[in-house]
Amino acid sequence: MNVDTAPPGVRADIWLWAARFFKTRALAKQALGAGKITCAGVACKPARMLRAGEMLHITRGEERFEIEVRALANTRGPAAVAQTLYRETEASLAARAAQREQRRLQQAGTPQPPPARPGKRDRRRIHAFKQGL
């Protein structure tokens, strides 16, 4: 990825793909079309030219990112280089950490699935148990 020779503006779908927010450019385009990415409070379109210094709000599944575009790139490269293209705000980092902790606590009380499928003996026990209810 050559960050130094990037043009003054890069298409939003290409930048999101190069910054590794989406696995493919098509997924980035789909998220942009669905209004999951906003720039300055307005839904961003795939062909919008991003510039350094702009703030983006990205919703990807349950995760929400608030980032500042620091550098532009139109090709995808290593993850270490992709992380230099943006800076996530402190509020966004804290909110994602709190949400991650909340999901972990919610899953703590749920029973874990058995390590393997029930065998013949187990199925008979399950059947006998259900018949007794």
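Here, every reference points to the structure presented above.
As a starting point, this report considers the structure included with it. Given the structure is predicted, the values throughout are model-derived calculations rather than measurements.

A few words now on the overall build of the protein chain. For the protein chain, the helix and strand inventory stands at 5 helices and 7 strands. Shown N-terminal to C-terminal, the secondary structure of the protein chain runs as helices and strands in the order β-α-α-β-β-β-β-β-α-β-α-α. Relative to the 2.2 N^0.38 estimate, which gives 14 Å for 133 residues, the radius of gyration of the protein chain is 22 Å and therefore markedly larger than a compact globule would have. Overall, the protein chain is about 70 × 30 × 30 Å in size when its C-alpha atoms are taken along their principal axes. If you take every contact in the protein chain between residues at least 6 apart in sequence, the share linking residues at least 24 apart comes to 50%. For the protein chain, the computed accessible surface area is about 9,100 Å², with 54% contributed by carbon and sulfur atoms. Charge separation in the protein chain, taken as the distance between the mean sites of 25 positive and 11 negative side-chain charges, equals 13 Å.

Looking now at a positive patch on the surface. Judged by side-chain charge, Arg-117, Lys-120, Arg-123 and Arg-124 come together as a positively charged surface patch. Locating Arg-123 in the fold gives a position in helix α5 (residues 120-132). Residue classification places Arg-123 among the partly exposed positions, given a relative accessible area of 48%.

On to the environment of Arg-64, then. In this structure, Arg-64 sits in strand β6 (residues 63-69). The contact partners of Arg-64, leaving out residues within four places of it in the chain, are Ile-58, Thr-59, Ser-92, Arg-96 and Gln-99. A polar atom in the side chain of Arg-64 sits 3.2 Å from the backbone oxygen of Glu-62.

Inspection of the secondary structure puts Ser-92 in helix α4 (residues 90-108). Take Ser-92: its relative accessible area is 5%, and that puts it in the buried class. Engagement of the side chain of Ser-92 in a polar contact is seen with the backbone nitrogen of Glu-66, the distance being 3.1 Å.

The final tally for this structure, using the stated rule, is 9 salt bridges. Residue Glu-54 is joined to Arg-48 by a salt bridge in which the shortest nitrogen-to-oxygen separation is 3.1 Å. Judged by relative accessible area, Glu-54 falls into the buried class, the value being 18%. Two residues, Arg-96 and Glu-88, come together in a salt bridge whose shortest N-O distance is 2.8 Å. A residue is classified by how much of its surface remains accessible, and Arg-96, at 16% relative accessible area, is buried. When its relative accessible area of 12% is taken as the criterion, Glu-88 is described as buried.

Cut-off values and rules
- Residues numbered from 1 in each chain as written.
- Predicted model: local features only at pLDDT ≥ 70, side-chain atom pairs only at ≥ 80, totals over all residues.
- Heavy atoms only, no water.
- Helix = DSSP H or I, 4+ residues; strand = E, 2+ residues; numbered from the N terminus.
- Rg over C-alpha atoms; globule rule 2.2 N^0.38 Å.
- Contact = heavy atoms within 4.5 Å.
- Areas by Shrake-Rupley, 256 points an atom, 1.4 Å probe, with all protein chains shown as cover.
- Lys, Arg positive; Asp, Glu negative; His and termini not counted.
- Charge placed at Lys NZ, Arg CZ, Asp CG, Glu CD.
- Patch = residues over 30% accessible without salt bridge, like charges linked within 9 Å, V, L, I, M, F, W, Y side chains within 5 Å.
- Salt bridge = Lys/Arg side-chain N within 4 Å of Asp/Glu carboxyl O.
- Buried < 20%, exposed > 50% of the residue type's maximum accessible area, 1.4 Å probe, protein only.
- Polar contact = N/O pair within 3.5 Å; in protein donor to acceptor, adjacent residues only side chain to side chain.

Any functional reading would require information beyond the geometric quantities listed.
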